[in-house]
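# Observations on the three-dimensional arrangement
If you want the building blocks of each chain, they are given just below.
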Amino acid sequence: MALDVPYQSIPDMFFKRVAATPEADAFARPAPDDSGPIWSSWAEIGRQAKAVAAGLHSLGVGHEDRVAILASTRIEWIITDLGVMCAGGATTTIYPTTEPQDAVFILADSGSRVLVAENPTQAGKIADAELPALTHVVLIDGPVDPDAAVPQLTLAELEERGTRALAADPELVDRIAAEVRPDQLATLIYTSGTTGRPKGVELLHAGWCWEGVAQEDLDILRPDDLQYLWLPLSHSFGKSLLCGVLHVGLPTYVDGRLDRLVDLLGVVRPTLMCGAPRIYEKVYNRAVTTAQSGGGAKAKIFAWAVRTGKAKVALEQAGQPVPGGLALRYRLAEKLVFAKLQARLGGRIRILVSGSAPLSEEISAFFAAANLPILEGYGLTESSAANFCNRPERLRIGTVGQALGDLECRIDTDGEVLLRGAPIMRGYHNLPEETAAALTPDGYLRTGDIGELDADGFLRITDRKKDLVKTSGGKYIAPSMIEGMFKAICPYTSQAVVVGQSRNYCTMLVTLDAEAIGAWAANGPLAGRDYASIVTAPETRALVDGYVKELNARLNRWETIKKVTILPRDLTIADGEMTPSLKIKRRVVEANFAAEIEKMYEGTLASI
């Protein structure tokens, strides 16, 4: 049955939301002293977005003209994005961590006419670059440079220009927005990509409006919830959530400062938060290592509580009733152990959602046991991010849930997941051959992921098609599955990368979580040492080897990890080893640590 989408564009959806709940809380920014959220109503957001739209119109932005945003997650990002689309333009997204040469490439390839930069430092990334299409740079923070090659103005000045234009012609933005069609370009998102140069993904108003409506059925977004949004808005996951917020009218606190996330959860006290698996892995690591460091009765009570919670979850997953005795033990476990974890996340969490990368089943089971179920979802930038998701009452751990709305899915003969429907991209910008390769003749998107659909429509992703490792013995290995298992087994892990393509056995690169391993070291002979000396110590090596032995006991013989190297530092976005959405770039990692990898294969035949 076709999904009923009652909007023709994002401006249409936005204006209807403003009209429906003008005085309701829309988005909040952090107070200067981090004492709590400062809320703006939908009417206030509407006025600001219209002023930005009129200001951009005065700069010459018209239908499908690109306006780039180079900024972190903050309320001004959202207001600017809405303003761009209300002016008939399309937003080009650029991560604030993007290197200057890549930022210049994206601006040039997209043909963006205006760049909205967070501050002079971000604007400085394009200094001296040849960008003939770029006519203006708008700064959210900081003073303008009067000598800049491209004229600069502040966001406040842009709003003032728009306000004056609207005073002279109050219906200006309404007329422009009314002309925006469903098949018009709304967003140009450049895939961070785990390989190769980023490609601009053309996403239309029809697809984003579909996303907003389709998410309502999940029972994840409710108008009486409070969302903590920290995800990069340059990423399709964050953009997809914004569409759901517009449709449902969900109050959302916006703050991209990851270093303040844990502290502010107790201040903001959200009921809903979405994130990448790394966030949940860090919470898991902290909970497990804190319990272990307590030793004695504390560690035993924690282990008992986890066993009790997992037993309850296993019955629920199997559709079986929870016996009275187990229910009683679980209530005690929640009081003694899980309530503390719930409090650490603000004490009011109703829903957690994970996307962007695979989530370990074991970590998912742990959170479900703590009455903090993580609803894993799935999607790609090329399909507007939110395509499959578990529901609160239909959580099936190990899967990414069922399809949203009327999205079609089929599994190709080689196991690749194929998707078709409104949220699928128009194509890659200026790349007709790549577009043709990504889409089947009958309009399905080739996701590049290997998966399985069960009889109830739940999708299980087993690995990336390109990431599957084939050993020299001809056996296929799914690295992400093994890596996820290891992260759940070893609570000191930050990242794990399995290596084995065309090799005669598998090895693994491991990085350790600085906070977790530091806390472990503080209770023994390594107390007082810095991270670099802890990770190279024999005691640490013995610790990790013990967890690898436990991992291997769960794997097939050809999957077992024969050698491990603990790296002297974590993988980083700055070194090109991770995407801004925290996916591992395997080829870069293997290139950056080629010497360490080769050492693990010394004296063996690399391939046959």
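Here is what the cut-offs are and how they apply
Residues numbered from 1 in each chain as written. Predicted model: local features only at pLDDT ≥ 70, side-chain atom pairs only at ≥ 80, totals over all residues. Heavy atoms only, no water. Pairing = 2+ DSSP bridges. Helix = DSSP H or I, 4+ residues; strand = E, 2+ residues; numbered from the N terminus. Axes fitted to C-alpha atoms, helices over the stretch in contact; angles between N-to-C directions. Contact = heavy atoms within 4.5 Å. Buried < 20%, exposed > 50% of the residue type's maximum accessible area, 1.4 Å probe, protein only.

Right, let's talk about the sheet that holds strand β25 (residues 506–512) for a bit. Spatial strand order, β24-β25-β26: three strands in an open sheet with mixed pairing. Unpaired on one side and paired on the other, β24 (493–499) and β26 (561–566) mark the two borders of the sheet. Strand after strand, the sheet turns through a mean of 25° between neighbouring axes, direction not considered. As defined by bridge partners, β25 adjoins β26 across five bridges and the pair is classed as parallel. The partner of Thr507 across the bridge, within β26, is Lys563. Along the sheet, helix α16 (residues 479–489) makes contact with β24, β25 and β26, crossing β24 at roughly 150°.

Glancing now at the environment of Leu431. Of note, Leu431 is situated in the loop between β19 (427–428) and α15 (432–438). Considering only alpha carbons, one finds Leu431 and Gly200, 231 residues apart in sequence, at a separation of 8.7 Å.

A separate point is the sheet that holds strand β8 (residues 185–190). Spatially, eight strands are ordered β7-β6-β5-β3-β4-β8-β9-β19 in an open sheet, and the strand pairing comes out mixed. Only two strands of the sheet have a single partner each, and these edge strands are β7 (152–154) and β19. Examined bridge by bridge, strand β3 (residues 66–70) and strand β5 (residues 114–117) share four bridges and lie parallel to one another. When the bridges of β5 are listed, Ala68 appears paired with Leu115. Against the sheet, helix α8 (residues 205–216) touches β8 and β9 (200–204), its axis set at about 70° to β9.

Below, the discussion takes up the pairing of β8. With six of six residues buried, β8 lies mostly within the body of the structure. Bridging between strand β4 (residues 90–94) and β8 involves three bridges; their strand directions are parallel. Paired with Thr93 across the bridge in β8 is Ile189. Note that β8 and β9 share five bridges and pair antiparallel. Within β9, the position partnered with Tyr190 by the bridge is Gly200.

By themselves, these figures tell us nothing about what the structure is for.
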